[in-house]
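Residues per chain are reported as follows:
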Amino acid sequence: MSDDEQTPHPTPAKTGGPQPEEIRFFGTTWVDHSGNYALRRVGMAAGSLAAAVAACFVLRFAYEGLQIADIGSFVNLLVVVMFAVCSAIAFAKTWEGFGRRPADPAREESLRSLKAIGFIGSLLAYFLRCLTEAPGEKLRRAEYETALVQYEKRRGARTGNPAARKKPKRK
């Protein structure tokens, strides 16, 4: 099956209008929910939940390693609190990113390491969003529909022969 058969929406060469932005793992199937969209959502939800569970096991082994090293209860508590806070922040920032574009990309870049530490929160946000839509679909759909409306307005304003238009009479 060729690429044209897999993606039923128009390509830039065919229409010249705005094209939908791709979403990772979903491509542009979110536009018309084609190409096994529902199956992809279920698979991504299951995969992100499985990755979060596996990550929790890895963190549990790391915590047990700290207990075996007998470094003290304060450090153990500090590690648990650090991962909990980072996961909560990563969840909030990831969830927020599905609904709007970042106002300050530099700030988002500075939070990158924090989100990496709290990766479990990001995975859980991805899991929860996949239950309702492709992550970021609502944002991209709003942007795409706005771009289509603007394109149609620009295109509609240019229709017809400009030489045949009536000119206003001068007084």
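Analysis parameters
Residues numbered from 1 in each chain as written. Predicted model: local features only at pLDDT ≥ 70, side-chain atom pairs only at ≥ 80, totals over all residues. Heavy atoms only, no water. Helix = DSSP H or I, 4+ residues; strand = E, 2+ residues; numbered from the N terminus. Buried < 20%, exposed > 50% of the residue type's maximum accessible area, 1.4 Å probe, protein only. Contact = heavy atoms within 4.5 Å. Polar contact = N/O pair within 3.5 Å; in protein donor to acceptor, adjacent residues only side chain to side chain. Axes fitted to C-alpha atoms, helices over the stretch in contact; angles between N-to-C directions. Parallel < 35°, antiparallel > 145°, perpendicular 65-115°, else oblique. Left-handed = near helix turned anticlockwise from the far one by under 90°. Nonpolar A, V, L, I, M, F, W, Y, C, P; charged D, E, K, R; others polar. Phe/Tyr/Trp six-rings, centres within 6.5 Å; stacked < 30°, edge-to-face > 60°.

Chemist: Talk me through the overall build of the protein chain; I want residue IDs and the actual numbers.
Modeler: On a plain count of helices and strands, the protein chain comes out with eight helices and zero strands. Counting from the amino terminus, the protein chain carries its helices and strands in the arrangement α-α-α-α-α-α-α-α. Split into buried and exposed, the 171 residues of the protein chain put 25% on the buried side. Counted over contacts in the protein chain with a minimum sequence separation of 6, partners at least 24 positions apart contribute 68%.

Chemist: Quick rundown of the side chain of S87? Include the residues and the values.
Modeler: By the secondary structure assignment, S87 is in helix α4 (residues 73-99). A distance of 2.9 Å separates the side chain of S87 from the backbone oxygen of F83, its partner in a polar contact.

Chemist: Which residues make up the packing of helix α3 (residues 37-69) against helix α7 (residues 119-130), and what values do they have?
Modeler: At a closest axis distance of 8 Å, the pairing of α3 and α7 adopts a crossing angle of 155 degrees. With respect to α7, the axis of α3 lies roughly antiparallel. Classified by chirality, the crossing of α7 by α3 is left-handed. Together, R41, M44, A45, S48, L49, A51, A52, A55, C56 and L59 of α3 and F119, I120, L123, L124, Y126, F127 and C130 of α7 make up the contact between the two elements. Broken down by class, the residue content of the contact of α3 with α7 amounts to 15 nonpolar, one polar and one charged.

Chemist: Please provide a residue-by-residue account of the packing of α3 against α4, values included.
Modeler: Taken N-terminus to C-terminus, the directions of α3 and α4 make an angle of 160 degrees; their axes are 10 Å apart at the nearest point. In terms of orientation, α3 and α4 fall into the roughly antiparallel class. Considering the relative orientation of α3 and α4, their crossing is right-handed. Listed contacts from α4 to L59, Y63, L66 and Q67 of α3 are N76, V79, V80 and F83. Its residues placed into classes, the contact of α3 with α4 shows six nonpolar, two polar and no charged.

Chemist: Tell me about the packing of aromatic side chains, residues and numbers included.
Modeler: Applying the stated criterion to the full structure yields five aromatic pairs. Considering the side-chain rings of F26 and Y37, the 5.9 Å spacing of their centres and the 55 degrees angle between planes classify their relative orientation as tilted. Here the residue F26 occupies a position in the loop between α2 (12-15) and α3, and Y37 occupies one in helix α3, the gap between them amounting to 11 residues. Of the residues examined, F26 reaches a relative accessible area of 0% and is grouped as buried. A centroid spacing of 6.2 Å and a plane angle of 65 degrees characterise the contact between F98 and Y126, whose relative ring orientation is edge-to-face. Highlighted residues: F98 in helix α4 and Y126 in helix α7, separated in sequence by 28 residues. Per residue, the accessibility class of F98 equals that of Y126, and both read buried.

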